Amino acid sequence: MSAQQPGQVIPTLSWIGGIDGHLRLIDQTRLPTEFVEIECHDVPAVWEAIRKLKVRGAPAIGIAAAFGMCLGIQNTVDADEAAFFARLQATADQLATSRPTAVNLFWAIARMKDFATKLRGKFPPREMAKALLGEATAIWEEDRAMCRAIGRHGVELLADVRGVLTHCNAGALVTVDYGTALAPIFAAHEAGKRLHVYVDETRPLLQGARLTAWELQQRGVEATLICDSMAAQVMREGRVQAVIVGADRIAANGDTANKIGTYSVALLAAAHNIPFYVAAPSSTFDLSIESGEQIPIEQRQAEEITHGFGRQTAPTGIDVYNPAFDVTPAKLIHAIICEHGVIRPVDREQISSMLGRKLEKQSV
Ligand code: MRU
């Protein structure tokens, strides 16, 4: 176990060593009471870390999967090319089953596979493994730069804002180290602006209470924790002038999947005339789907609701519905902040022109 010292930035996840190395990540299920890093030495460990939300949030899931691909091929670096590629495909197939909604997972797996395919026949497996580790590391490094860029672009939207509300956790813990929705807040704070963040606790798994509140405290940003059901009252009292959330998948028309409860917050923001912003890197856009109707929504176990964090809080045998995400229609989103700039208004044309390309379907 290691403890995070004030002011010390420990990346959410990082690769340790060379092609025979491993993935180290902060176990987010232990926060905020314990700061523990775990080591993943094989694909099942990465799969389980993603599935059990030890590593979570769209960009971090993608980066974990990219390094998971490097773990998957470790035993075939001295095998023949066919065995190497068979193992790469099997790893891709396995990791793709870990969680369904965040498109960054499929984006990262596809990027790693495409990269390997381009090298096929040109290098022996050992050299390809080195190159693949380089590609995963590039994804890791690009993530850091993208988050800073989102912070720079988003800060202008907070110019006249004192109170801002966020839902779930889209801070440093969902990326290598700076976050998406929290990046403009961190950038504003670092520039000396006084912001007050209202943090939805985010039932049922409390990512807001456990993770966002912890991150804001660590960085010295003023924050107040509220139950999800208090957001309307906080808005009615005039405490917030903006809402910023992250995203797990954004369709071509701007419809956005994010943590369950986000759609309610967007409706409340519209009812109170408060701008609602989404912050996400380009790897979270899925331009192969027309609208949010086509976004797969993860269904999770009933126990997350009936036995949250171990204690039974509902009668035995009660029927439970537990979708982990919902879709906010583009018409409720004032702007999407990505690493290239601010997309506004949120529609198909603006999205495609900002991203400058049509993304291919992420087939693994
Ligand atoms: O189930 P989780 O904790 O992985 O859900 C995470 C979220 O919904 C985040 O808001 C989303 O991934 C955006 S973070 C860039």
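Here the structure is shown first, and the text comes after it.
Residues numbered from 1 in each chain as written. Predicted model: local features only at pLDDT ≥ 70, side-chain atom pairs only at ≥ 80, totals over all residues. Heavy atoms only, no water.

Moving on to the packing of aromatic side chains. Counting across every chain of the model gives four aromatic pairs. The interplanar angle of 25° and the centroid separation of 6.2 Å between the aromatic rings of phenylalanine 35 and tryptophan 214 together place this pair among those described as stacked. Of this pair, phenylalanine 35 sits in the loop between β2 (22-26) and β3 (37-40) while tryptophan 214 sits in helix α7 (residues 207-218), and the two are 179 residues apart along the sequence. Given a relative accessible area of 13%, tryptophan 214 falls into the buried group. Its guanidinium or amino end placed over the ring of phenylalanine 85, arginine 120 lies 4.0 Å from that ring's centre, counting from NZ or CZ. Sitting over the face of the ring of phenylalanine 186, arginine 219 holds its NZ or CZ atom 4.2 Å from the ring centroid. (Phe/Tyr/Trp six-rings, centres within 6.5 Å; stacked < 30°, edge-to-face > 60°. Helix = DSSP H or I, 4+ residues; strand = E, 2+ residues; numbered from the N terminus. Buried < 20%, exposed > 50% of the residue type's maximum accessible area, 1.4 Å probe, protein only. Lys NZ or Arg CZ within 6 Å of the ring centre and 35° of its normal.)

Right, let's talk about the pairing of strand β1 (residues 13-16) for a bit. Strand direction decides the pairing type here: β1 and β2, joined by four bridges, are antiparallel. Opposite serine 14, over in β2, you have arginine 24 as the bridge partner. Here β1 hands over to β2 after five residues, with glycine 17 in that stretch at a positive phi of 95°. (Pairing = 2+ DSSP bridges.)

Taken together, seven strands build an open sheet; the order of strands is β6-β5-β4-β7-β10-β13-β14 and the sheet is mixed. The sheet terminates laterally at β6 (222-226) and β14 (341-343), the two strands that pair on one side only. With strand direction ignored, the average angle separating the axes of adjacent strands in the sheet is 25°. Sheet topology places strand β4 (residues 163-166) next to strand β5 (residues 196-200); four bridges connect them, and they run parallel. When the bridges of β5 are listed, glycine 163 appears paired with histidine 196. With respect to the sheet, α7 is in contact with β4, β5 and β6, its orientation differing from that of β5 by roughly 165°. (Axes fitted to C-alpha atoms, helices over the stretch in contact; angles between N-to-C directions. Contact = heavy atoms within 4.5 Å.)

Now for the site of the ligand. Close to the ligand lie 17 residues, the nearest being Arg56, Arg99, Asp248, Asn258 and Lys259. A distance of 2.8 Å is found between an oxygen atom of the ligand and a side-chain nitrogen or oxygen belonging to arginine 99. Contacts to the ligand include lysine 259, whose side-chain N or O atom sits 2.8 Å from an oxygen atom. For the ligand, whose accessible area on its own is 410 Å², the fraction buried by protein is 100%. Elements represented by at least two residues in the shell around the ligand include exactly α2 (58-72) and β9 (256-259). (Near = heavy atom within 4 Å. Polar contact = N/O pair within 3.5 Å; in protein donor to acceptor, adjacent residues only side chain to side chain. Areas by Shrake-Rupley, 256 points an atom, 1.4 Å probe, with all protein chains shown as cover.)

Another point: the sheet that holds β9. With mixed pairing, the four strands of this open sheet are ordered in space as β11-β8-β9-β12. Unpaired on one side and paired on the other, β11 (285-286) and β12 (325-328) mark the two borders of the sheet.

Take the pattern of salt bridges next. Summed over all chains, the structure comprises 19 salt bridges. A salt bridge links glutamate 298 to arginine 99; the nearest nitrogen and oxygen atoms lie 2.8 Å apart. Here the residue glutamate 298 occupies a position in the loop between β11 and α10 (303-306), and arginine 99 occupies one in the loop between α3 (81-95) and α4 (103-119), the gap between them amounting to 199 residues. Comparing glutamate 298 with arginine 99, the two get one shared label, buried. A salt bridge links aspartate 177 to arginine 144; the nearest nitrogen and oxygen atoms lie 2.5 Å apart. (Salt bridge = Lys/Arg side-chain N within 4 Å of Asp/Glu carboxyl O.)

Turning next to the packing of α3 against α4. Angle between the axes and distance between the axes are the two parameters that describe a pair of packed helices. One way to put it is that α3 packs onto α4 with a least axis distance of 10 Å and a crossing angle of 175°. One way to sum up the angle between α3 and α4 is to call them roughly antiparallel. Facing Phe85, Leu88, Gln89, Ala92 and Leu95 of α3, the residues of α4 in contact are Leu105, Ile109, Lys113, Ala116 and Thr117. Across the contact of α3 with α4, the residue classes break down as seven nonpolar, two polar and one charged. (Parallel < 35°, antiparallel > 145°, perpendicular 65-115°, else oblique. Nonpolar A, V, L, I, M, F, W, Y, C, P; charged D, E, K, R; others polar.)

Where α2 contacts α4, the axes come no closer than 7 Å and their chain directions differ by 30°. The angle between α2 and α4 falls in the class roughly parallel. The way α2 lies across α4 gives a crossing that is right-handed. Residue-level inspection shows Ala58, Pro59, Ile61, Gly62, Ala65, Ala66, Met69 and Cys70 of α2 in contact with α4, the latter providing Asn104, Leu105, Ala108, Ile109, Met112 and Lys113. Of the residues belonging to the contact of α2 with α4, the class tally is eleven nonpolar, two polar and one charged. (Left-handed = near helix turned anticlockwise from the far one by under 90°.)

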